[in-house]
Amino acid sequence: MDYYTDYSLEEYTTFGVAAQAARFFRFDTEDELKKWIRDESPNHPEKLVLGGGSNLLFTGNFDGTVLYPAFKGIEITREEGDSVLVRMAAGEAWDRCVEWCVEKGLGGIENLSFIPGHAGAAAVQNIGAYGVELSDVLAEAHGYYLDSGEAFSLDCRDCDYDYRYSIFKGPLKNKAVITSVVLRLSRVPRFNLSYGQVQEAVKKRGTINLRNIRNAIIDIRKEKLPDPAVFGNGGSFFKNPVVDRADFERLKHAHPGIVGYPLENNKVKIAAGWLIEKAGWKGRSSGKAAVHEKQALVLINKGGASGKEIARLAYEIQSDIRQKFGIMLEPEVNII
Ligand code: EPU
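Every value quoted in this text rests on a predicted model; they were computed, and no experiment measured them. (Residues numbered from 1 in each chain as written. Predicted model: local features only at pLDDT ≥ 70, side-chain atom pairs only at ≥ 80, totals over all residues. Heavy atoms only, no water.)

**Q** Which parts of the structure should I look at to understand the packing of aromatic side chains?
**A** The relative placement of two aromatic rings is captured by the distance of their centres and the angle of their planes. A complete count under the given rule lists 18 aromatic pairs for this structure. The lysine or arginine in question, Lys 269, covers the ring of Tyr 163, its NZ or CZ lying 3.5 Å from the ring centre. Between Arg 284 and the ring centre of Trp 281, over which it is positioned, the NZ or CZ distance is 4.0 Å. (Phe/Tyr/Trp six-rings, centres within 6.5 Å; stacked < 30°, edge-to-face > 60°. Lys NZ or Arg CZ within 6 Å of the ring centre and 35° of its normal.)

**Q** Explanation requested: the domain arrangement of the protein chain in the structure shown.
**A** When the parts of a complex come together, some accessible area is lost, and that lost area is often used as the size of the interface. Assigned domains within the protein chain: domain 1 (2-69), domain 2 (74-223) and domain 3 (232-335). Put simply, the middle of domain 2 and the middle of domain 3, counted by C-alpha atoms, are 25 Å apart. Contacts between domain 2 and domain 3 engage six residues on the former and six residues on the latter. Approximately 610 Å² of surface area, both sides summed, lies buried where domain 2 meets domain 3, with 37% of it carried by carbon and sulfur atoms. (Domains from an automatic or database assignment. Contact = heavy atoms within 4.5 Å. Buried area = accessible area lost by both parts, 1.4 Å probe.)

**Q** It is not clear to me how the site of the ligand should be interpreted in this structure. Could you clarify?
**A** Around the ligand sit 24 residues in total, of which Tyr 130, Tyr 163, Glu 277, Gln 295 and Ala 296 are the nearest. The contact in question runs from an oxygen atom of the ligand to an N or O atom on the backbone of Ser 236, over 2.9 Å. In this structure, Asn 240 approaches the ligand through a side-chain N or O atom, which is 2.8 Å from an oxygen atom. Protein contact buries 83% of the 820 Å² of open area that the ligand shows by itself. (Near = heavy atom within 4 Å. Polar contact = N/O pair within 3.5 Å; in protein donor to acceptor, adjacent residues only side chain to side chain. Areas by Shrake-Rupley, 256 points an atom, 1.4 Å probe, with all protein chains shown as cover.)

**Q** I tried to follow the sheet that holds strand E19 (residues 298-301) on my own but got confused; where do I start?
**A** One key point about sheets: their strands pair by backbone hydrogen bonds, in either a parallel or an antiparallel sense. The sheet built from four strands is open, its strands ordered E13-E19-E18-E17 with antiparallel pairing. For this open sheet the edge positions go to strand E13 (232-236) and strand E17 (285-286), each flanked by a neighbour on one side alone. Relative to the sheet, helix H8 (residues 307-325) contacts E17, strand E18 (289-291) and E19, its axis offset from that of E18 by approximately 35 degrees. (Pairing = 2+ DSSP bridges. Helix = DSSP H or I, 4+ residues; strand = E, 2+ residues; numbered from the N terminus. Axes fitted to C-alpha atoms, helices over the stretch in contact; angles between N-to-C directions.)

**Q** Can you help me understand the pattern of salt bridges in this one?
**A** Pairing between side chains becomes possible if they bear opposite charge and their charged atoms approach one another. Under the definition given, this model contains 23 salt bridges. Asp 219 serves as the salt-bridge partner of Arg 205, at 2.4 Å between the closest nitrogen and oxygen. You can see Arg 205 sitting in the loop between helix H4 (196-204) and helix H5 (210-224) and its partner Asp 219 sitting in helix H5, a full 14 residues away along the chain. Residue class for Arg 205 comes out partly exposed when judged on its relative accessible area of 33%. Notably, a salt bridge pairs Asp 244 with Lys 267, separated by 2.8 Å at the nearest N-O pair. Here Lys 267 lies in strand E16 (residues 267-270) and Asp 244 lies in strand E14 (residues 242-244), a separation of 23 residues in the sequence. In this structure Asp 244 comes out as partly exposed when scored by relative accessible area, which is 36%. One salt-bridge network, in which partners are shared between bridges, spans Asp 95, Glu 99, Glu 103, Arg 211 and Arg 214. (Salt bridge = Lys/Arg side-chain N within 4 Å of Asp/Glu carboxyl O. Buried < 20%, exposed > 50% of the residue type's maximum accessible area, 1.4 Å probe, protein only.)

**Q** What is the right way to read the packing of helix H2 (residues 94-103) against H5 from this model?
**A** Between two packed helices, both the angle of their axes relative to each other and the distance between the axes serve to describe the pair. In contact at an axis separation of 9 Å, H2 and H5 are set at 150 degrees when each is read in the N-to-C sense. Classified by the interaxial angle, the pair formed by H2 and H5 is roughly antiparallel. Two packed elements cross with a definite hand, and for H2 against H5 that hand is left-handed. Residue-level contacts link Asp 95, Val 98, Glu 99, Val 102 and Glu 103 of H2 to Leu 210, Arg 211 and Arg 214 of H5. In the contact of H2 with H5, the residues fall into three nonpolar, no polar and five charged. (Parallel < 35°, antiparallel > 145°, perpendicular 65-115°, else oblique. Left-handed = near helix turned anticlockwise from the far one by under 90°. Nonpolar A, V, L, I, M, F, W, Y, C, P; charged D, E, K, R; others polar.)

**Q** Sorry, what's going on with the pairing of strand E11 (residues 151-155) here?
**A** For a regular strand, the rule is simple: side chains alternate between the two faces of the sheet. Residue alternation in E11 divides its side chains into a buried set, Phe 152 and Leu 154, and an unburied set, Ala 151, Ser 153 and Asp 155. Bridge analysis of strand E10 (residues 138-145) against E11 gives five bridges, and the strand direction is antiparallel. Considered in E11, the bridge of Ala 141 is made with Leu 154.

**Q** Can you walk me through the pairing of strand E5 (residues 62-69) in this structure?
**A** Most of E5 is tucked away: seven of the eight residues are buried. By the bridge criterion, six bridges tie strand E2 (residues 20-27) to E5 in an arrangement that is parallel. Bridging from a neighbouring strand, Ala 21 pairs with Phe 62 of E5. By the bridge criterion, three bridges tie strand E3 (residues 47-49) to E5 in an arrangement that is parallel. Paired with Val 49 across the two strands is Leu 67, which belongs to E5.

Structure below.
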């Protein structure tokens, strides 16, 4: 275990903004974490569990205690016919996990290629892209409760998954540390090419297989989304809002081009990127923060932006979208 005080978090979030944690603990083994919870946890009332930092925006220094699980390891734990259970330690880079599975011919997460962050955080956030969400393949999440120190093993149903939501973002927020996730993958993959753009890009590569899907998605993401090494960012800044069909029809009447995807229960998910672009924000800067010129849902750090500056831009967009469309955008990024 490593322990630091007044520790810079700049390298730990993909926004790359300056911020310090009053206390920072890094755990390399589960035993270190278990011992820390038993001996230390009660002395740290304000905790924050950090993953790959791809969904966090610090608007100032954090006065509490950051816990950083750095556990590594990926392994097959069980095979039942075509179905294969793969355990990934929470601190593994998510995309390394995807590559590992694609390489071994295990299907299920290839559409989630090239998403930044760690495996543990992927289960917190219920990452999703191109028609697949982590909750489609997650079998179990393992970890420890920070108050009692008890180990948990939650199966997918107990994680309360929804669009970019899980129990770890709700009642268990910063109250539990995930140590590993177990995914149920398949040796006989069912490809998901429901996104037209992905289907086209895969066809261009010839055969439909895991490798071609992964590579096509990497190319699509590289084309649209900024590289955090060049411009700090946290992927989509807002969630796509879900509204009642009747409200969507009213909006469509006023804005015929609006983009929406029908869901169950007479709901429609609206493309927030369309709303933001339509409102004139795409490519606009505010100081050193800006709206990405190729994807209006992504806010970027043009270099040296403060967390406050980026958050201010987000609030301006939020308020403008509410005024123009009557929709309150909810941040996907966790603003601290
Ligand atoms: N659009 C615009 N202008 C824009 C951006 C988007 O008009 O500047 C419209 C277009 O009609 C486009 C549609 O919005 O077809 C959807 O855009 P895109 O396919 O880029 O996806 P998204 O809805 O903006 C979501 C996820 C992404 C995920 C993609 C692909 C959320 C909040 N975001 O974005 O996830 O990669 O779908 O499945 O659900 C993330 O969560 O950080 C993330 C990047």
